[in-house]
Amino acid sequence: MSTNYFRRVGTARPSHLMYTAGVGALIDLPNFSVLVKGLESWSHQGLPGHVIDEPRLRTAVNRSLQLYGAARIHELRAAPWMEGADNSPKDWPAQGVGVPVTPFPQWLRCTACNLLAPIDAEAFAFVNNNPRTPHEAKFVHDCKPGKPLAVAARFTLVCTSGHLDEFPYAPFVHHGSMCTKAPRPLLRMKDHGGNQAANVTLECVACGKQRNIRDAMGERGQRHLPRCRGRHPHLGTFDAGCEQEATLMVAGASNQWFPITLSALALPPAKDADLADLVEERWAELQGVTSRAIYDAFARTPAYGYLKDHDPEAVVAAVRAHQDRLDGKAAQEATGTLSTGDLLSPEWAVLAFSSADDATEDFALEDVPVPEGLADLFADVRQVQRLREARALVGFTRLDAPDPESPEIATPVRLSRTSQNWVPASEVRGEGIFLRVREELMAEWEERMRKSPAMQAHREAFARFRTNRKSDRLRGEFDPMHGWPGERYLALHSLSHLLIRAISLECGYGSASLGERIYAGDEENPHTGILIYTAVPDAEGTLGGLVSLAEEPHFERIVRRALRDAARCSSDPLCAERLPKDPADYLHGAACHVCLFVSETTCERGNRFLDRRFLVPLGDESDQVLTPISLRP
């Protein structure tokens, strides 16, 4: 398709471009599929308000990019969008704004005559005449009256280095040789149906040779496929010398694209925060404060009023020290790993210990009394009446899912061909409930559970899971327990899921519209917090339906209901007795879709690290239960 074609062919939500189909991913449209192009093709020229300001997230993104050897960025940008474009789609500015895509796969099949050919063979025509109905965009074949629809041929080649390529239909049919009748022959693709994997016959129109796609499937089919060409179609480049074997895959398969994302809550500036942390978080604002005169000029403006809480000379020294670190230690910092604690620890400090006086337009807290019946479990219950979450996409992987704790497991793919000073981002405003479990209760339970058979089974399953995920590319020392979230994380995570399922029945939001952030800390800095919040990007989510449930009499009723529901599951006794045992490597115990699982958009760990036996007694081992609450009404 011409690179000068700007008419819309579909729409996508901001969250869709973060978690489901961002740069380098395929998006299924009603009549064909498209690939989201690299950042060089995106244009924000003339669009106001596209920069998302979140210093903590920007810093975390730069740490992650350094880890992957990429250049630093200075901005987080929302997807290009123009207000009112839907009202005047025929206007030129509206047509030129959007996320650029290209058709992929570019081999199409006629649904009437089964002709198979690439787009540039000019066998098919593109139709998108009405700018108000982008969903009607389609390719057609003029083989009979009515011009039947042409759809994308659904096979692609993928490798673990992140490359994506067209399936080599013509060489495959001719067993690696050229057609003797035509240099670029047209083919036919006949789908015979059936339930035994793919049953598709490819036939050369010119010479008549045929071959079934099953010859390219599985381990035996690997020898019939060419070596990976190292293609990145979203960038229009090839990586020379890729040593990985190409894998046949159906376009749109869920493991064809895994996002590498980071998210952070917008927090009020901490008055007593360490200066080094403050400078790092707000580096974009403070990097110019290199002298006392500049400090005085900045401190007199309302936006920099927080500087008055710090000694001027100390601020200038902190700015210079941070610049020195950026100039001289970038390479050393890039060898480390990015910990989620870098983002969660400041959030825990604010959510657990700040006051209502620290409210901003993006963040507001309100304490509510802990119900007497729950005082032994919760130290604090707080309404987060306003919050803003920023999310950024820093890369993606194919076939191997990324692991924040072990980035070496998967090969990240860059979002741009050349260095860019920004990455795609989105933000959501909403509300939430923050809960702080009593530290003494958690510490005592954690000590009891360290040697329990149930927790030992979870630890062993995690080691098997890590070992089984270990890529053949990895060499050298491998720690199967690296990234183990800890005992308290399992308890907090399970409690969070119980509450989300109960809250969604009353708050007016579906469970898929809620999100969670678990603050478990680590051995040196243990935390005991849960934040349940609205996570709908196309609605403000501040109607009060969620935060109102933190008040009496609702909250105690909801907690007790959640625990009573957890005590029984319609899948019991199978669910209640479930524990991962060798050789199983699943990362949950007594948990299933009936009792504890939530949607993938809600859970921060993909429904892993869950077990309701740690919250309610499911059998004789009641000593492993954390919650000191009677289940009687």
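In case you missed it, the structure is sitting above this.
What comes next is a walk through the structure.

Cut-offs used in this document
Throughout, a residue's number is its position along its own chain's written sequence, starting from 1. Under the rules for a predicted model, residues below a pLDDT of 70 receive no local features and side-chain atom pairs below 80 are neither given nor counted, while totals for whole chains, interfaces and linings still include all residues. In computing side-chain values, all of the structure's heavy atoms are included and hydrogens and water are not. Strands are runs of DSSP state E lasting at least two residues, helices are runs of H or I lasting at least four, and both sets are numbered from the N terminus onward. Exposure classes here rest on a 1.4 Å probe applied to the protein chains alone. A residue is buried below 20% of its type maximum, exposed above 50%, and partly exposed in between. Residue contacts are defined here by distance: any two heavy atoms, one from each residue, within 4.5 Å place the two residues in contact. Per-residue and other accessible areas follow the Shrake-Rupley method at a 1.4 Å probe size, with only the shown protein chains counted as cover for residues. Pairing between two strands is assigned when DSSP locates at least 2 bridges connecting them. Axes here mean lines fitted to C-alpha atoms, for a helix over just the part in contact, with angles spanning 0 to 180 degrees between N-to-C directions. Grouping buried Ala, Val, Leu, Ile, Met, Phe, Trp, Tyr and Cys residues that are joined through side-chain atoms within 4.5 Å yields what is termed a nonpolar core. By definition here, a helix of n residues has an expected span of 1.5 Å times n minus one. For salt bridges, the criterion is a side-chain nitrogen of Lys or Arg within 4 Å of an Asp or Glu carboxyl oxygen. Only the six-membered ring of Trp is used, alongside the rings of Phe and Tyr, when aromatic pairs are assigned; centres must lie within 6.5 Å, and planes under 30 degrees apart are stacked while those over 60 apart are edge-to-face, with the rest tilted. Cation placement over rings: the criterion is NZ of Lys or CZ of Arg within 6 Å of the ring centroid and within 35° of the ring normal.

1. With respect to the overall build of the protein
And then number 1: Scanning the protein from N- to C-terminus turns up 15 helices and 23 strands.
And then number 2: With 633 residues in all, the protein has 50% of them scored as buried.
And then number 3: Relative to all contacts within the protein whose residues are 6 or more apart in sequence, the contacts with residues 24 or more apart total 70%.
And then number 4: Just so you have it, the protein exposes about 29,700 Å², and 49% of that area is on carbon and sulfur atoms.

2. A closer look at the sheet that holds strand β5 (residues 107-110)
And then number 1: One open sheet holds the eight strands; their spatial order is β7-β8-β9-β5-β6-β12-β13-β14, and the pairing between them is antiparallel. Both outer strands of the open sheet, β7 (125-127) and β14 (210-212), are each paired with one neighbouring strand and no more. With strand direction ignored, the average angle separating the axes of adjacent strands in the sheet is 35°.
And then number 2: Of the pairings in the sheet, the one linking strand β13 (residues 200-204) to β14 comprises three bridges and is antiparallel in character. Counterpart to L202 in the pairing with β14 is R211.

3. Overview of the nonpolar core
And then number 1: Counting residues in hydrophobic clusters, the biggest one holds 63 residues, and the most contacted among them are F378, V437, W445, L499, I503 and V559.
And then number 2: Of all the secondary structure elements, the ones that give two or more residues to this core are β20 (378-397), β21 (422-437), α12 (439-449), α13 (453-469), α14 (487-503), β22 (514-521), β23 (526-534) and α15 (554-566).
And then number 3: Here this core gets 10 residues from one element, more than from any other, and that element is α14.
And then number 4: Apart from the residues within four sequence positions on either side, I503 is in contact with I433, L514, I532, L546, L549 and I558.

4. Some remarks on α15
And then number 1: For α15, with 13 residues, the first-to-last C-alpha span of 18 Å sits near the 18 Å given by 1.5 Å per residue.
And then number 2: The complete set of buried residues in α15 reads F555, E556, I558, V559, R560, A562, L563 and A566.
And then number 3: Packing partners of the buried residues in α15 comprise β20, β21 and α14.

5. Let's talk about the pattern of salt bridges
And then number 1: Going through the model one piece at a time under the given rule, you end up with 36 salt bridges.
And then number 2: For R211, the salt bridge identified is with D215, shortest N-O distance 3.3 Å.
And then number 3: Exposure remark for D215: the relative accessible area of 33% places this residue in the partly exposed category.
And then number 4: Here E440 makes a salt bridge to R438, at a shortest N to O gap of 3.5 Å.
And then number 5: Shared partners join several salt bridges into a network, and the residues in it are E439, E446, E447, R450, R459, E487 and R488.

6. Brief notes about the sheet that holds strand β17 (residues 247-250)
And then number 1: The antiparallel open sheet is built from three strands, whose spatial order is β11-β10-β17. Each of the sheet's edge strands pairs with one partner strand only, and the pair in question is β11 (164-166) and β17. Averaged over all pairs of adjacent strands, the angle between their axes in this sheet comes to 40°, without regard to strand direction.
And then number 2: Examined bridge by bridge, strand β10 (residues 155-158) and β11 share three bridges and lie antiparallel to one another. Across the sheet, the residue bridging to T156 is E166, located in β11.

7. Quick notes on the packing of aromatic side chains
And then number 1: Under the counting rule described, the total for this entry stands at 20 aromatic pairs.
And then number 2: Ring plane angle 55° and centroid distance 4.8 Å describe the contact between F298 and Y304, whose orientation is recorded as tilted.
And then number 3: What makes F298 partly exposed here is its relative accessible area of 25%.
And then number 4: The class of Y304 is buried, set by a relative accessible area of 19%.
And then number 5: Feature note: the residues W107, F155, F167, Y169 and F172 constitute an aromatic cluster, connected by ring pairs.
And then number 6: One residue, R282, lies across the ring of Y306, its end atom 5.0 Å from the ring centre.
And then number 7: Here the basic side chain of R605 rests over the ring of Y489, its NZ or CZ set 5.4 Å away from the ring centre.

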